[in-house]
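Residue-level listing of the chains:
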Amino acid sequence: MAKNSVLKVDDISVSYGPVKALRHISLEVNQGEIVALIGANGAGKSTLLETVLGIHHVDSGTIRFMGEDITRTPTDRIVASGICLIPEGRGILSLMTVLENLQLGAYHLEADINQYLGRVSHHFPVLGERSKQMAGTLSGGEQQMLSIGRGLMSAPKLMMMDEPSLGLSPVLVAELFKIIVDLNKEGYTILLSEQNARKALACAHRGYVFEIGSIVLSGTAQELASDPRVHQAYLGG
Amino acid sequence: MDFVLARVINGIAMGSIYALLATGFNLLLLVGGVFQFAYPHVVVLSMYLCWMVLQATGGNLALAIPAAIGSGIGLSLFTEPLFRPLTKRGAIVATFVLSLGITIVFTDVMGRQIHRGVPIGFPTTLTGKEALIRFGVATLTMGQLATILGSVGAVVGLLYFLYRTKRGRAFRAMGQNPSAARLLGIPTLRTRIYSYLISGLLGGISAVFLAMTLGAAAGPLGSLLAIKMFAVAVFAGLGNIRGGLIAAIILGLAESFAIGYIPGDWVNVIAFGMIMGVVMWKPEGLFGLRA
């Protein structure tokens, strides 16, 4: 294939003590794609994203990022090499200001980060306006914007988002997916884990369906959205 | 009036040392993930090492003061690998138990091994017992002045580090939410080790100031200070660095006035009273946990 592979997960298994959390997972994310991971709560989507970031011990298999093996690389080096995770629950440091949260996103960057700050306020004007405010005082939607903005501060080559629509109102969910598509059009490669399968498949190029730690289906977003099994299980019949 | 002034000077001098101790303790708790009850023992053992250098060099302060600060850093870093396996599992109560073990070892070393267990005294070149300024019966010694100014300087420096630098931001992020900090790519182990280094530095500075204000040290001093430090930290709210500064001055002043006005040895009751009062009426501490 001539496509530029950004992330290549090959036959990964992860366990929490005696419990197998991931069984022989293989997937790929190419340059410029939005790839959606769909499936129920507890299917292993979050575990996979965290494993890519080096949080969990890998029993077997390899993870390659931009061609380099990162299976056993420490998290701080993985983040510095260009992967960011916008975690489920947003991971906002609520007792620090909006600006400090954004600055922490660029922790590993030595260069002047003002250009990145400018770019984030361009995407999310509200973050620029409230930069001196404590992050904990932001609304849920604004906190999600901050979490994404903080991810952008790290100049990522791959953005991973874990359940970004969780707890947002329908209006904000629509806005969020518009932002994801916009970011992708600007060139960001995105790996998106979502329980909201309909919205996720509507914006993604390709997808993988997780069930109890395994991938049971994969294909282009259109294929998955029209597959009767996906339809029945995740798109409400 | 002079008498009140004397009490205030003494109280603020002792309070500044409590402030340094509580700050180092809170830093280790928040960033290092350890409940280091033996932190004052590290400080008092540094006083002993400072004293040994004074003995060996015939009272050379230019060597003894760096020796105290170096010992504070060295001893603090020495405890890090002991705590590491416990911190990795997030076993904070186990770190407290281990720190109690360290208090026993350090107290034994100071109480028996060094100077055959006889309390040590520091020369007046360090303490400066001659009054620098006199207001009637109130005096301000060199040691007290250096302690107050030096502690303010150390605390201002620390706050600058925490609130104005990149690594300081990482410290605070670790204190608030270690797992989020890790996802952001903050090197958690290295940041923890830095917290031992910085609290060791504060501990070394406290050792010098304790030598200046007390002029002496003995084996049980570590445990005595540990209770004061704990009282300050609990009173302010565990992990609350800025609240701890205020609580430390309150304890210093309260003790100083108790010595002056209440007959008998009631001083240590105040620290215990602070702990009990807070535990009963405001368990989260005066200023709340972790700010």
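Structure first, text after, so check above.
What counts, and where the lines are drawn
- Residues numbered from 1 in each chain as written.
- Chains lettered and ligands numbered in written order.
- Predicted model: local features only at pLDDT ≥ 70, side-chain atom pairs only at ≥ 80, totals over all residues.
- Heavy atoms only, no water.
- Helix = DSSP H or I, 4+ residues; strand = E, 2+ residues; numbered from the N terminus.
- Rg over C-alpha atoms; globule rule 2.2 N^0.38 Å.
- Buried < 20%, exposed > 50% of the residue type's maximum accessible area, 1.4 Å probe, protein only.
- Contact = heavy atoms within 4.5 Å.
- Areas by Shrake-Rupley, 256 points an atom, 1.4 Å probe, with all protein chains shown as cover.
- Buried area = accessible area lost by both parts, 1.4 Å probe.
- Salt bridge = Lys/Arg side-chain N within 4 Å of Asp/Glu carboxyl O.
- Pairing = 2+ DSSP bridges.
- 1 Å grid on protein atoms, 1.4 Å probe; cavity = no way out; pocket = protein on both sides within 12 Å on 5 of 7 lines; lining within 4 Å.
- Points joined across faces, edges and corners; volume = space filled by probe spheres on them.

**Student:** Describe the overall build of chain A, with residues and values.
**Tutor:** Secondary structure summary: chain A contains ten helices and ten strands in total. Here chain A has a C-alpha radius of gyration of 17 Å; the compact-globule value for 237 residues is 18 Å, and the two agree. The buried share among the 237 residues of chain A stands at 55%. Of the contacts formed within chain A by residues at least 6 apart in sequence, a portion of 67% connects residues at least 24 apart. For chain A, the exposed area adds up to about 10300 Å²; of that, 52% sits on carbon and sulfur atoms.

**Student:** Let's hear about the interface of chain B and chain A: which residues, and what values?
**Tutor:** Listed per partner, the contact involves 19 residues of chain B and 23 residues of chain A. Taking both sides of the interface into account, the surface hidden between chain B and chain A amounts to around 1800 Å²; carbon and sulfur atoms contribute 60%. Scanning the region where chain B abuts chain A turns up two salt bridges. Of the charged contacts, one joins B:Arg172 and A:Glu100 as a salt bridge, the two residues approaching to 2.4 Å between their closest N and O atoms. Elements with a contribution of two residues or more to the side of chain B that touches chain A: α7 (166-176) and α8 (178-183) of chain B.

**Student:** Provide a residue-level description of the environment of A:Gly82, including the pertinent values.
**Tutor:** Residues and elements named next belong to chain A. As for its position among the elements, glycine 82 is in the loop between α2 (75-81) and β6 (83-86). Of the residues examined, glycine 82 reaches a relative accessible area of 5% and is grouped as buried. For the pair glycine 82 and alanine 21, spaced 61 residues apart in sequence, the C-alpha to C-alpha distance is 25 Å. If we ignore the near neighbours within four places in the chain, the residues touching glycine 82 are Phe65, Pro156, Lys157 and Leu158.

**Student:** Can you lay out the sheet that holds strand β4 (residues 60-65) of chain A for me, pointing to particular residues and giving the numbers?
**Tutor:** Here four strands make up an open sheet; going across it, the order is β2-β1-β4-β5 (chain A) and the pairing antiparallel. The open sheet terminates on both sides in strands that have one partner only, identified here as β2 (19-30) and β5 (68-69) of chain A.

**Student:** Outline empty space enclosed by the protein, supporting the account with residue identities and numerical values.
**Tutor:** A full pass over the atoms with the stated rule returns three cavities of 30 Å³ or more. Its boundaries defined by the atoms lining it, the largest cavity holds a volume of some 90 Å³. Looking at the largest cavity, the residues that line it are A:Val79, A:Cys84, A:Leu85, A:Ile86, A:Pro87, A:Gly105, A:Ser147, A:Arg150, A:Gly151, A:Ser154, B:Leu183 and B:Leu184. Among the elements of the structure, β6 and α6 (140-152) of chain A are those that each provide at least two residues to the lining of the largest cavity.

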